[in-house]
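# Understanding the architecture of this molecule
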Amino acid sequence: MAIAKQPVVVLDAPDAGELAEFYGKLLDWSVTVDEDGTWAEVVSNSWPPICIQQVEDYHAPSWPSQAHPQQMHLDVMVDDLDVAEKAVLEIGAGKAPEQPGETFRVFLDPAGHPFCLCKG
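Thresholds applied
Sequence order as written defines the numbering, with residues in each chain counted from 1. Local features in this predicted model are restricted to residues of pLDDT 70 or higher, and side-chain atom pairs are both shown and tallied only at a pLDDT of 80 or more, whereas totals for entire chains, interfaces and linings draw on every residue. Based on all heavy atoms of the structure, the side-chain values leave hydrogens and waters out of the count. A pair of strands is considered paired only if DSSP assigns at least 2 bridges between the two. A run of DSSP states H or I qualifies as a helix once it reaches four residues; a run of E qualifies as a strand once it reaches two. Both are numbered from the N-terminal end. Looking at any residue, its pLDDT shows the predictor's confidence there, from 0 to 100. Within this scheme a cavity is a closed region of a 1 Å grid, computed over the protein atoms alone, that accommodates a 1.4 Å probe without allowing it to escape, whereas a pocket is open but has protein on both sides within 12 Å along at least five of seven lines; lining residues each have an atom within 4 Å of a point. Grid points are joined across faces, edges and corners, and a volume is the space filled by probe spheres set on the points. Amino acids outside the nonpolar list (Ala, Val, Leu, Ile, Met, Phe, Trp, Tyr, Cys, Pro) and the charged list (Asp, Glu, Lys, Arg) are all regarded as polar, and Gly is one of them. Burial here depends on accessible area, computed with a 1.4 Å probe over protein chains only, as a share of the maximum for the residue type. Under 20% is buried, over 50% is exposed, and the range in between is partly exposed. For this quantity, the arc is that covered by the directions from the helix axis to the C-beta atoms. Throughout, a contact is declared for two residues whenever any of their heavy atoms are within 4.5 Å. Whenever two N or O atoms come within 3.5 Å, that pair is a polar contact, provided that in protein one can donate a hydrogen and the other can accept it, and provided that, for residues adjacent in sequence, both atoms are side-chain atoms.

### Comments concerning the sheet that holds strand 1 (residues 5-13)
The strand order across the open sheet built from eight strands is 2-3-4-1-5-8-7-6, with neighbouring strands paired in mixed fashion. Each of the sheet's edge strands pairs with one partner strand only, and the pair in question is strand 2 (30-33) and strand 6 (94-95).

### Observations concerning the confidence of the model for the protein
Looking at the protein, the pLDDT average stands at 92 and 100% of residues meet or exceed 70. Taken element by element, the protein is modelled with least confidence in strand 5 (residues 72-78), mean pLDDT 90, and with most confidence in strand 2, mean pLDDT 98.

### Side note on the layout of surface pockets
The calculated volume of the largest pocket comes to roughly 480 Å³. Together, 19 residues line the largest pocket, and Q53, P100, F104, V106 and C116 are the ones closest to its centre. Among the elements of the structure, strand 3 (39-43), strand 4 (50-54), strand 5, strand 7 (104-108) and strand 8 (114-119) are those that each provide at least two residues to the lining of the largest pocket. When residues in the lining of the largest pocket are grouped by element, the largest group, four residues, is from strand 8. Its residues assigned to classes, the lining of the largest pocket comprises twelve nonpolar, three polar and four charged.

### As for helix 2 (residues 81-90)
In an α-helix, one turn spans 3.6 residues; hence positions three or four apart end up facing the same way. Among the residues making up helix 2, those that are buried are L81, A84, E85, A87 and V88. Each buried residue of helix 2 lies within a common arc of 170° when the element is viewed along its axis, so the set occupies one face. Of the exposed residues in helix 2, those oriented more than 90 degrees away from the buried face are D82, V83, K86 and E90. The secondary structure elements touched by the buried residues of helix 2 are strand 5, strand 6, strand 7 and strand 8. The N-cap residue of helix 2 is D80: its side-chain oxygen and the backbone nitrogen of D82 are 2.9 Å apart.

### Focus on the side chain of H73
Turning to its location among the elements, H73 is positioned in strand 5. Not counting residues up to four positions away in its chain, the partners in contact with H73 are V8, V9, V10, Q53, P114, F115 and C116.

### Description of the pairing of strand 2
Inspection of the sheet shows strand 2 paired to strand 3 by four bridges, in the antiparallel sense. Bridge pairing in strand 3 links V33 to A40. In textbook terms, the turn of a hairpin is the stretch between consecutive antiparallel strands, and for strand 2 and strand 3 this stretch comprises five residues, one of which, G37, has a positive phi near 75°.

What follows is the structure, encoded as structure tokens:
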């Protein structure tokens, strides 16, 4: 039985709305931006959304160098945060020390990449 469902890719950006508008135009998808402008989604009728979060002190990737690695993470929807947390810890995830929200929890995969379990 799956622990989570519906993964979405989340990109970091210095301006969530601006980057969402770019991808919306590129793909001819709809764009929604939260009231505070720090979260945006680029959506279609047939694919999962591309989500964009605004981050302070953003540093663009220096691809192919790893001086500033590529910035993205997965958000996965879960029915019960407590049950899912226990399950991901059992399969090797670590819980991030900083937890900035109440409707999601941040974990680190075995290689240190962050991902979020989101109540959904």
